[in-house]
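# Inside the fold
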Amino acid sequence: MTQTSNATRTYVDTVTYRPGAVILYPGKSDMLYRVSSGLIRVHTMDDDGNGLTLRYVKPGEYFGEEALAGVNRAYFAEAVTDSSVDVINPALMTAEDNLIVTTHLVRTLERAYESIYRLVGKRLRARIAGELLELKDTALATMLDSGETMIYATHDELAAAVGSVRETVTKVVGELSREGVISAGYGKITLKNEAALGEIAAA
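A few points on the structure. Predicted model only: the values in this text are computed from it and were never measured. Starting from 1, residues in each chain are numbered consecutively following that chain's sequence as written. Local features are withheld for residues below a pLDDT of 70 in this predicted model, meaning they are given only at 70 or higher, and side-chain atom pairs are given and counted only at 80 or more; totals for whole chains, interfaces and linings count all residues. No hydrogens and no water enter the side-chain calculation; it runs on all heavy atoms of the structure.

## Concerning the overall build of the chain
The helix and strand labels rest on DSSP assignments: H or I over at least four residues marks a helix, E over at least two residues marks a strand, and numbering proceeds from the N terminus. The number of helices and strands found in the chain is five helices and 13 strands. For a compact globule the rule gives 2.2 Å times the number of residues to the power 0.38, and the radius of gyration it is set against comes from C-alpha atoms. Whereas a compact globule of 203 residues would reach a radius of gyration of roughly 17 Å, the chain reaches 18 Å, a difference of no more than 12%. Seen through its C-alpha atoms, the chain measures out along the principal axes to roughly 55 × 35 × 30 Å. Within the span of the chain, comprising 203 residues, buried residues form 41% of the whole. Nonlocal contacts in the chain, meaning residues at least 24 apart in sequence, comprise 67% of its contacts between residues at least 6 apart. Areas reported here follow the Shrake-Rupley algorithm with a probe of radius 1.4 Å; residue values treat only the protein chains shown as occluding. Within the structure as shown, the chain displays about 11000 Å² of accessible surface, and the carbon and sulfur contribution to it stands at 52%. Asp and Glu count as negative and Lys and Arg as positive, but His and the ends of the chain are not part of the count. By convention, charge coordinates are those of NZ in Lys, CZ in Arg, CG in Asp, or CD in Glu. Computing the positive centroid from 21 side-chain charges and the negative centroid from 27, the chain places the two 3 Å apart. The buried label goes to any residue with under 20% of its type's maximum accessible area, the exposed label to any with over 50%, and the partly exposed label to all in between, with areas taken from a 1.4 Å probe on protein chains only. Only heavy atoms matter for contacts: two residues are in contact if any of them lie within 4.5 Å across the pair.

Set out below in structure tokens:
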């Protein structure tokens, strides 16, 4: 982790993290965070110790919103890729800053509703297809010379994102691969037919 400033009371302090670095733990919250570059995963664990991805935070988006209300945080935040994060002191935010964050919170809530609907109202096949399409627009994705998108994600990570287990996700990924919708390798998945994925996600 590299910190660009040692000031103890600044409006924005930018900190860089390597993949896998845990940025936040459950507990007291006092600062708000905005992703400048990279990708952050907000996640929790169930009683059995299984990880569950709550959401991914992309550049321009915020996490650590509990600091605005002074309530304790109940999740972890972890860098998925090399990431740069702005640390914001809520006490020094202007009215314009508050409006920007409020707009972000509304959009985050809308995405949460969509995720909940997908988890409880969609079959696993549709959830996996939807998750792959969401990851397409993150730092985990890269464009191949063929014009196809390759996503760096393991079956464990997919399972945590769609509320399932690795073995079941592996089975569905295999089915989608045999259908020619995707191709899967170790730690990476290539989207071969995004239109078909979209139809599966909507089913």
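Having seen the structure, we can now continue with the description.
## Here's the deal with the pairing of strand β5 (residues 40-45)
A pair of strands is labelled paired if DSSP reports no fewer than 2 bridges between them. In terms of strand pairing, β5 meets strand β6 (residues 51-57) through six bridges, oriented antiparallel. Bridging across to β6, Arg41 finds its partner in Tyr56. In sequence, β5 turns back onto β6 through a hairpin of five residues, with Gly49 there showing a positive phi of about 85°. With four bridges joining them, β5 and strand β8 (residues 76-79) adopt antiparallel strand pairing. What sits directly across from His43, in β8, is Phe76.

## Points about the side chain of Thr190
One can find Thr190 in strand β13 (residues 188-191). What makes Thr190 buried here is its relative accessible area of 8%. Discounting chain neighbours no more than four positions away, the residues touching Thr190 are Leu144, Glu148, Thr149, Met150, Val181, Ile182 and Ser183.

## Considerations on the nonpolar core
Counting 25 residues, the largest nonpolar core has Ile128, Leu132 and Ile182 as the members making the most contacts within it. Looking at this core, the elements with two or more residues in it are α2 (124-135), α3 (155-162), α4 (166-178), β13 and α5 (194-202). Among the elements that take part in this core, α2 stands out by supplying five residues, more than any other. Beyond its immediate sequence surroundings of up to four residues, Ile128 is in contact with Val162, Val169, Val172 and Leu176. In plain words, nonpolar cores are sets of buried Ala, Val, Leu, Ile, Met, Phe, Trp, Tyr and Cys residues tied together by side-chain atoms within 4.5 Å. The next biggest cluster of nonpolar side chains, apart from the first, holds 15 residues, and it includes Tyr17, Leu24, Tyr33 and Ile40.

## Describing the sheet that holds strand β3 (residues 22-24)
One open sheet accounts for four strands, arranged β3-β8-β5-β6; its pairing is antiparallel. Looking at which strands have only one partner, the edges of the open sheet turn out to be β3 and β6. Direction aside, neighbouring strands of the sheet carry axes that sit 35° apart on average. Axis definition: a line fit to C-alpha positions, over the contact stretch in the case of helices; interaxial angles, taken between N-to-C directions, run 0 to 180 degrees.

## Section: the sheet that holds strand β12 (residues 182-185)
Within the open sheet, the four strands sit side by side as β10-β11-β13-β12. Their pairing is antiparallel. Where the open sheet ends on each side, the last strands, each with one partner, are β10 (141-143) and β12. Ignoring which end each strand starts from, the neighbouring axes of this sheet average 20° apart. Note that β12 and β13 share four bridges and pair antiparallel. Of the residues in β13, the one forming a bridge with Ile182 is Leu191.

## Examining the packing of α2 against α4
The geometry of α2 relative to α4 is characterised by a closest axis approach of 10 Å and an angle of 75° between their N-to-C directions. Classed by the angle they form, the pair α2 and α4 counts as roughly perpendicular. Each of Leu124, Arg125 and Ile128 in α2 lies in contact with α4, whose residues at this interface are Thr168, Val169, Val172, Glu175 and Leu176. Here the term charged refers only to Asp, Glu, Lys and Arg, the term nonpolar to Ala, Val, Leu, Ile, Met, Phe, Trp, Tyr, Cys and Pro, and the term polar to all other amino acids, Gly among them. Across the contact of α2 with α4, the residue classes tally to five nonpolar, one polar and two charged. For classification, angles of less than 35 degrees are called roughly parallel, those exceeding 145 degrees roughly antiparallel, those between 65 and 115 degrees roughly perpendicular, and all remaining angles oblique.

## Re α4
How far a helix is expected to stretch is found by multiplying one less than its residue total by 1.5 Å. With 13 residues, α4 extends 18 Å between its outermost C-alpha atoms, agreeing within 8% with the 18 Å of an ideal straight helix rising 1.5 Å per residue. Within the span of α4, buried status applies to Val169, Val172, Val173, Gly174 and Leu176. Of the surrounding elements, those touching the buried residues of α4 are α2, α3, β12 and α5. Gly180 lies just past α4 and shows a positive phi near 80°.

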